[in-house]
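Here's the letter readout for the chains.
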Amino acid sequence: MDGSPSGSAPRTAEAYGRAANRHRYGDGAEVRRYVADPYHRIRRQIAVRMLLDGVAPTSRANPSGVGGSGTPPGCPPLLELGCGSESMLADVPDPPWPTVVADLALDALDLARRPSVGSLCLDATRPLPFRDRSLGGVLMGELIEHVYDPVALLRECRRVLAPSGLLVLTTPNLAAVQDRVGFLVGRAPRQVDPLHPYLWLHIRPFTVSLLREVLRRADLEPVRVRSNYVGWRLRGGRWVKSRTLARLLPGLGGSLVIAARPR
C-alpha cells in the first residue's frame, strides 16, 4: 500500500479508503503536524467547548460501563471518534465525565492514551460497541468527510446517544468564501483536489446546508453551527482571516463545527 491515488486498490473502494487513511495517519505524525496550526487549534477548541457546554448530566451513573466504577452519578460517558494521535479532549483537565477515545490506527491510538481515559481501536464505519442511548456525547474531528456512508455513521452516533446527548463534529467547508469566488472563474474548490497529499482522502465534502440535511436524515437535529475563520489565502501562502466574520457567517468559514441532538 503506497497511500497514493495511483496505488493498486484492494477488493472494494471502501477497503482501499480504509487502508489509505491508516497509511496516512497511522503513525500520528500528520495529526501532530496540523494540530499545531492555529487554524486547526481554534477549530478543535470550538468543538470541545460546544461539547462540554452542551452535555447535560443524566440520572444514570456510567450507563455504558466505561470509565471505571468510581464515576460519580450523573456523569454521562463521552466518546471521541477518530482521535488520531492527539485527542481533542487532551487539554481538558480532570473531565467530570468518563471518556473514551477511539481510532482505527492502533499506533496513533497508543499516542493518544491517557491514564484517566479509556481507549478503543475500532472502525467507525461499522457498528459502534456501545449500548443504545448509553453515551452523553460524541465528538468527531475531521472524520465524516473520510467515510463512504456518512449517514450510516451518524445513525450509529444517534443510536448510542442518550436522549439528551450531543454530537459535535467538525469538517472542512466545501463552500468557504475563497472557494466560492474561485468556482465562479472555473477553479475547483480546494477540498476536491485529487492531487493534494491528503485532501484526496476527503471523499465526502460538505457545505452547511448539506451537513444539516445529512444529520436530519440520521434523525439528528442541528442546534448550532460555528466556524474557525473566514479567510483568504494570498500569494505566497499568507492568510488574511477573521474570527468575527466566522461567528457571524459560519457558512463562509474554512472549517464547519456543528452540534446536533437526537430528534
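Residues numbered from 1 in each chain as written. Predicted model: local features only at pLDDT ≥ 70, side-chain atom pairs only at ≥ 80, totals over all residues. Heavy atoms only, no water.

### Regarding the packing of helix H5 (residues 150-160) against helix H7 (residues 208-217)
A packed helix pair is summarised by two numbers, namely the angle formed by the two axes and the spacing between the axes. How we decide: In this analysis an axis means a line fitted to C-alpha atoms, helices contributing only their contacting stretch, and an angle means the value between N-to-C directions, from 0 to 180 degrees. Put simply, DSSP H or I for four residues or longer makes a helix, DSSP E for two residues or longer makes a strand, and each gets a number counted from the N terminus. By the definition adopted for this analysis, an angle is roughly parallel if under 35 degrees, roughly antiparallel if over 145, roughly perpendicular if from 65 to 115, and oblique otherwise. Note on convention: the crossing is left-handed when the near helix lies turned anticlockwise from the far helix by less than a right angle, right-handed when the turn is clockwise. Contacts between residues were defined by any pair of non-hydrogen atoms, one from each residue, lying within 4.5 Å.
Following both chains from N to C, one finds H5 and H7 inclined at 55 degrees, their axes separated by 8 Å at the closest point. As far as their axial angle goes, H7 and H5 are oblique. In the crossing of H5 with H7, the sense of the turn from one axis to the other is right-handed. Between H5, through Pro-150, Val-151, Leu-154 and Arg-155, and H7, the contact on the second element is made entirely by Val-214, Leu-215 and Arg-217.

### Regarding the confidence of the model for the protein chain
The following threshold applies: As a per-residue measure, pLDDT tells how confident the predictor is, with possible values from 0 to 100.
Averaged over all residues, the pLDDT of the protein chain equals 87, while 88% of them reach at least 70. When the criterion is pLDDT under 50, residues 1-10 qualifies, and its contacts beyond four places in sequence or with other chains add up to 18 contacts.

### As for the nonpolar core
The test is simple: The term nonpolar core refers to a set of buried residues drawn from Ala, Val, Leu, Ile, Met, Phe, Trp, Tyr and Cys, joined through side-chain atoms within 4.5 Å. Relative accessibility decides the category of a residue: with a 1.4 Å probe and only protein chains considered, values under 20% of the type maximum give buried, values over 50% give exposed, and everything between is partly exposed.
Counting 33 residues, the largest nonpolar core has Leu-81, Val-138, Met-140, Leu-154, Leu-167, Leu-169 and Leu-215 as its most contacted members. Breaking this core down by element, the ones donating at least two residues are strand S1 (78-81), strand S2 (99-103), strand S4 (135-141), H5, strand S5 (161-172), H7, strand S6 (220-227) and strand S9 (255-262). The dominant element in this core, judged by the number of residues it contributes, is H5, at 5 residues. Setting aside its immediate chain neighbours within four residues, Met-140 contacts Leu-81, Met-88, Leu-153, Leu-154, Cys-157, Leu-167, Val-168, Leu-169 and Thr-170. Core analysis: the second largest hydrophobic core is formed by 19 residues, Ile-42, Ala-47, Leu-89 and Ala-259 among them.

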